[in-house]
Amino acid sequence: MITMDDIIREGNPTLREVAKEVPMPPTTEEKKLGEEMLEFLKNSQDPIKAEEMHLRGGVGLAAPQLNISKRLIAVHVPSNDPENDTPVISTVMFNPKILSHSVQDACLGEGEGCLSVDREVPGYVVRHARVTVSYYDENGVKHKRRLKNYEAIVVQHEIDHLNGVMFYDHINEENPFSLKEGVLVIE
Ligand SMILES: CNC(=O)c1cccc(C)c1Nc1nc(N2CCN(c3ccccc3Cl)CC2)nc(N2CSC[C@H]2C(=O)NC)n1
Ligand code: NI
């Protein structure tokens, strides 16, 4: 079971590497890793388990954050509606790829956090507002999915980890809260 001790922090060179493609179909070990990453996210969002296991809340995790330089991410974004238990997206993506994206950009109004960054880095992280991603599932089946808003931001943040990019690399150093015309601010 993955805990915070398994998550490497900024300064570890693996976070700056370009991760390797996973040959399809994934091995049993790679499938298990994906399942454990998704389980970690669910545990991190459960108040009881998160407290018991000292987990920081997350909606996305990339294998390089576990010091495993493979192109594999997990995302588990709960629905905004407290009545609705169905997550907006809950999946493991092998070899995710952004096929196309909107002209419009977007950012989280509150900025971004990362399980590998033990500090607040204020500022807008400007990303594509909508993306079409392709990825392989644990059975090696190819999928194509259009994402928008929060889940689009999360998937882009996690794909960045596969390319050695950290969220604060996108923050404007001169003015961290500067925004161009037309950028969608997601609250
Ligand atoms: C500096 N300001 C901020 O961090 C920030 C500040 C306020 C709001 C937001 C929205 C912020 N931003 C931000 N908040 C999150 N969470 C909110 C809490 N949540 C969570 C926590 C506990 C239980 C259940 C859940 Cl659901 C988990 C997810 N997650 C990300 N990111 C960036 S994309 C990958 C994703 C990630 O999983 N990071 C670890 N950013
Ligand atoms: Ni991160």
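Residues numbered from 1 in each chain as written. Chains lettered and ligands numbered in written order. Predicted model: local features only at pLDDT ≥ 70, side-chain atom pairs only at ≥ 80, totals over all residues. Heavy atoms only, no water.

### Observations regarding the sheet that holds strand β3 (residues 89-101)
Here 5 strands make up an open sheet; going across it, the order is β1-β2-β3-β6-β7 and the pairing antiparallel. Since the sheet does not close on itself, it has two edges, and those belong to β1 (60-62) and β7 (142-148), each with one partner. For this sheet the average axis-to-axis angle between neighbouring strands, irrespective of direction, equals 40 degrees. Judged from the 3 bridges that link them, β1 and strand β2 (residues 72-77) form a sheet pairing that is antiparallel. Paired with A62 across the bridge in β2 is I73. (Pairing = 2+ DSSP bridges. Helix = DSSP H or I, 4+ residues; strand = E, 2+ residues; numbered from the N terminus. Axes fitted to C-alpha atoms, helices over the stretch in contact; angles between N-to-C directions.)

### Points about the confidence of the model for the protein chain
Summary statistics for the protein chain give a mean pLDDT of 98 and a share of 100% for residues scoring 70 or more. With pTM at 0.98, the complex prediction returns an ipTM value of 0.98. (pLDDT = per-residue confidence, 0-100.)

### Some remarks on the UniProt feature "binding site: Fe cation" (unreviewed entry) in the protein chain
When the UniProt feature table is mapped to this numbering, "binding site: Fe cation" (unreviewed entry) covers C114, H157 and H161. Separation in sequence by 48 residues is not matched in space for these annotated residues, since their most distant C-alpha atoms are only 10.2 Å apart. Position of C114 relative to the elements: it lies in the loop between β4 (105-108) and β5 (127-128). On the accessibility criterion, C114 (4% relative accessible area) is buried. (UniProt positions renumbered as here; feature names shortened; annotations may be inferred. Buried < 20%, exposed > 50% of the residue type's maximum accessible area, 1.4 Å probe, protein only.)

### A word on the coordination of the nickel ion (ligand 2)
Within the protein, C114 (SG), H157 (NE2) and H161 (NE2) serve as the donor atoms for the nickel ion (ligand 2), at 2.1 to 2.3 Å. Between consecutive donor residues of the nickel ion (ligand 2), the sequence gaps follow C-x42-H-x3-H. Pair noted here: C114 is in the loop between β4 and β5 and H157 is in helix α3 (residues 149-162), with a separation of 43 residues, a long-range link. Here the two residues C114 and H157 agree in accessibility, since each one is buried. (Donors = N, O, S within 2.8 Å, 3.2 Å for Na, K, Ca; no water.)

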